[in-house]
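# Tertiary structure, described
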Amino acid sequence: MARMVLERRGSQIKAHRNTSEAFEGPKVIVIFKIRRELLGAVQRDLSRPHRFAWERVGFLGGRVGPLEREGVVILAHAYHPIDDNDYIESDEAAAMMGSVAIRKALQFAHSNQTSMFHVHRHDHLGRPSFSNLDLRENAKFMPDFSNVCPELPHGALVLSMNSFAGICWHPDILTPISITEVIVVGAPMEVISHGTFR
């Protein structure tokens, strides 16, 4: 079973202009925190060339805690890259990961009892958005993580060179919700509410 996770930019389906408008539902706050050095490691991995995939993908593992307000905070603590041999050649997608890649990510989630967030990047400045294909393919494999760790939220992040967009499947909510903000912890610390980081 292969998972098409990114479409080629040259034939990109029109994406939601504002990802936060793509999902309607309960007003639950989701804050995603990541250390600056971990974010840098993710960006460096996503920048590495692959022998046939146009882009790279990976997963961020996160610890979850409650907020005083209704919602959750997710602290990214580990990055799980996709091994070179676990990409599958495709004429349709910029990056396609196979069943082995999914199985390894599921094992990582189970062994560490961690939330998992699929991550990829669009190579431009400014706030990115998920394409329709991104959203559809994420929705296909996110239930696998909910089955492995049903009490935890899981989701997806799309990065640009200096911004982000994110969605989350919360265990108590039937439909995906937008990540409210990302906090980059480090010097300097930055809060990104659908904005940009340096």
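Starting afresh in each chain, residues are numbered from 1 along the sequence in its written order. Since the coordinates come from a predicted model, pLDDT governs what is reported: local features require at least 70, and pairs of side-chain atoms require 80 or more to be given and counted, while whole-chain, interface and lining totals use all residues. Side-chain calculation: all heavy atoms of the structure are included, whereas hydrogens and water are not.

Each helix corresponds to a stretch of at least 4 residues labelled H or I by DSSP, and each strand to a stretch of at least 2 residues labelled E; elements are numbered beginning at the N terminus. Looking only at helices and strands, the protein has three helices and 11 strands in total. Walking the protein from its N terminus toward its C terminus, one meets helices and strands in the order β-β-α-β-β-β-α-β-α-β-β-β-β-β. Within the protein, residue pairs in contact and separated by at least 24 positions form 70% of the contacts whose partners lie at least 6 positions apart. We call two residues in contact when some of their heavy atoms are within 4.5 Å.

Attention shifts here to the pattern of salt bridges. Salt bridge criterion: a side-chain nitrogen from Lys or Arg within 4 Å of a carboxyl oxygen from Asp or Glu. Scanning the model with the defined rule gives seven salt bridges in all. Notably, a salt bridge pairs Asp83 with Lys104, separated by 2.8 Å at the nearest N-O pair. Placement of the pair is Asp83 in the loop between β4 (71-81) and β5 (93-97) and Lys104 in helix α2 (residues 99-112), with a sequence separation of 21 residues. Classification of residues uses two cut-offs on accessible area relative to the type maximum, computed with a 1.4 Å probe and protein chains only: under 20% is buried, over 50% is exposed, and between them is partly exposed. Judged by its relative accessible area of 38%, Asp83 is partly exposed. Linked through salt bridges whose partners overlap, the residues forming this network are Asp83, Asp86 and Lys104.

Attention now moves to the pairing of β4. Side-chain positions along a regular strand alternate between the two faces of the sheet. For β4, the tally of buried residues reaches eight of 11 residues, placing the bulk of the element in the interior. Between any two strands, pairing holds if DSSP finds at least two bridges. For strand β2 (residues 29-35) and β4, the ladder comprises five bridges, and the chain directions are parallel. Across the sheet, residue Ile31 finds its bridge partner in β4, namely Val73. Judged from the nine bridges that link them, strand β3 (residues 57-66) and β4 form a sheet pairing that is antiparallel.

Looking now at the confidence of the model for the protein. Known as pLDDT, the predictor's per-residue confidence is scaled from 0 to 100. With 83% of its residues at a pLDDT of at least 70, the protein reaches an overall mean of 83. Across residues 1-22, where pLDDT falls below 50, the model places 81 contacts with residues more than four positions away in sequence or in other chains.

Once that is clear, we can look at the packing of aromatic side chains. Stacked, edge-to-face and tilted are the three classes for Phe, Tyr and Trp ring pairs, Trp counted by its six-membered ring, which pair at centre distances within 6.5 Å; planes under 30 degrees apart are stacked, over 60 edge-to-face, the rest tilted. Inspection of the entire model under this criterion finds four aromatic pairs. Pairing Phe141 with Phe145 gives two aromatic rings, centres 6.4 Å apart and planes at 70°, and the pair type is edge-to-face. One end of the pair is Phe141 and the other is Phe145, both in helix α3 (residues 132-148) and four residues apart, which spans about a single turn. Three or more aromatic residues joined by ring pairs form one cluster here, namely Phe59, Phe141 and Phe145.

This part is about the side chain of His170. Its place among the elements puts His170 in the loop between β8 (164-169) and β9 (177-178). Residue His170 is classed as buried on the basis of its relative accessible area of 13%. Under this definition, polar contacts are N or O atom pairs within 3.5 Å; protein pairs additionally need one hydrogen-donor-capable and one acceptor-capable atom, and for neighbouring residues in sequence, both atoms have to be side-chain atoms. Polar contacts involving the side chain of His170 include one to the main-chain amide nitrogen of Asp172, which spans 3.0 Å. When near neighbours in sequence (up to four residues on either side) are disregarded, His170 contacts Val28, Val72, Pro153 and Ile177.

Another aspect to go through is the nonpolar core. As used in this record, nonpolar core signifies buried Ala, Val, Leu, Ile, Met, Phe, Trp, Tyr and Cys residues forming a set joined through side-chain atoms within 4.5 Å. Grouped together as the largest cluster of nonpolar side chains are 28 residues, with contacts concentrated most on Phe59, Met97 and Phe145. The set of elements that each furnish at least two residues to this core consists of β3, β5, α2, α3, β7 (154-159) and β8. With residues up to four places along the chain from it excluded, the contact list for Phe145 reads Phe59, Ala105, Leu106, Ala109, Met116 and His154.

A word on helix α1 (residues 36-47). Over its 12 residues, α1 extends 16 Å from the first C-alpha to the last, a length consistent with the 16 Å expected when each residue adds 1.5 Å. Residues of α1 that are buried make contact with β2, β3, β4, β6 (115-121), β7 and β10 (181-185). Expected span of a helix: the number of residues minus one, times 1.5 Å.

This next bit is on unusual backbone geometry. Most peptide bonds take the trans form, and the phi angle of most residues other than glycine is negative. Unusually for a residue other than glycine, Gln113 sits at a positive phi of about 45°. By the element assignment, Gln113 lies in the loop between α2 and β6.

With that settled, the discussion passes to the environment of Ala76. Checked against the element boundaries, Ala76 lands in strand β4. For Ala76 and Leu60, which are 16 residues apart along the polypeptide, the C-alpha to C-alpha distance reads 6.3 Å. Sequence-distant contacts of Ala76, defined by excluding residues within four places in its chain, comprise Phe32, Lys33, Ile34, Arg35, Leu38, Leu60, Gly61 and Gly62.

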